[in-house]
Amino acid sequence: MSFETKRYVSGAPADAGPEYQKMMNDEIAKLQRLYGGGDLLAFPEFTFQGKVASEQNRE
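Residues numbered from 1 in each chain as written. Predicted model: local features only at pLDDT ≥ 70, side-chain atom pairs only at ≥ 80, totals over all residues. Heavy atoms only, no water.

Enquirer: Got a sec to walk through the overall build of the protein? Specific residues and values, please.
Expert: Counting its secondary structure elements, the protein contains three helices and zero strands. If you list the helices and strands of the protein from N to C, you get α-α-α. Taking all 59 residues of the protein together, 3% fall into the buried category. (Helix = DSSP H or I, 4+ residues; strand = E, 2+ residues; numbered from the N terminus. Buried < 20%, exposed > 50% of the residue type's maximum accessible area, 1.4 Å probe, protein only.)

What follows is the structure, given as structure tokens:
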């Protein structure tokens, strides 16, 4: 099996053992505690309030 295939199949660095997954889970849990939980792998959603910049220039 090629390096690229191993990496694709495992979803992690090729030839990474169970200690890699444990370390990764520990780091994700640490970040969730620091930043209040949630899905750290999802892109954040932003909401903006106020006028759009082009509307402010018209006044």
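Continuing now.
Enquirer: Provide a residue-level description of the packing of aromatic side chains, including the pertinent values.
Expert: Here the structure, examined in full by the defined rule, presents two aromatic pairs. Here F43 and F46 contribute two aromatic rings whose centre-to-centre distance is 6.3 Å and whose plane-to-plane angle is 80°, an arrangement assigned as edge-to-face. Just as F43 is exposed, F46 falls in that class too. With 6.4 Å between their ring centres and 25° between their planes, F46 and F48 make a pair best called stacked. The residues F46 and F48 share a single accessibility class, namely exposed. Taken together through their ring pairs, the aromatic side chains of F43, F46 and F48 make up a single cluster. (Phe/Tyr/Trp six-rings, centres within 6.5 Å; stacked < 30°, edge-to-face > 60°.)

Enquirer: Could you give an account of the pattern of salt bridges, with specific residues and numbers?
Expert: Counted under the stated rule, the structure contains two salt bridges. K30 is the partner of E27 in a salt bridge, and the nearest nitrogen-oxygen pair spans 3.3 Å. Of this pair, E27 and K30 both sit in helix α2 (residues 18-34), three residues apart, which is roughly one turn of the helix. (Salt bridge = Lys/Arg side-chain N within 4 Å of Asp/Glu carboxyl O.)

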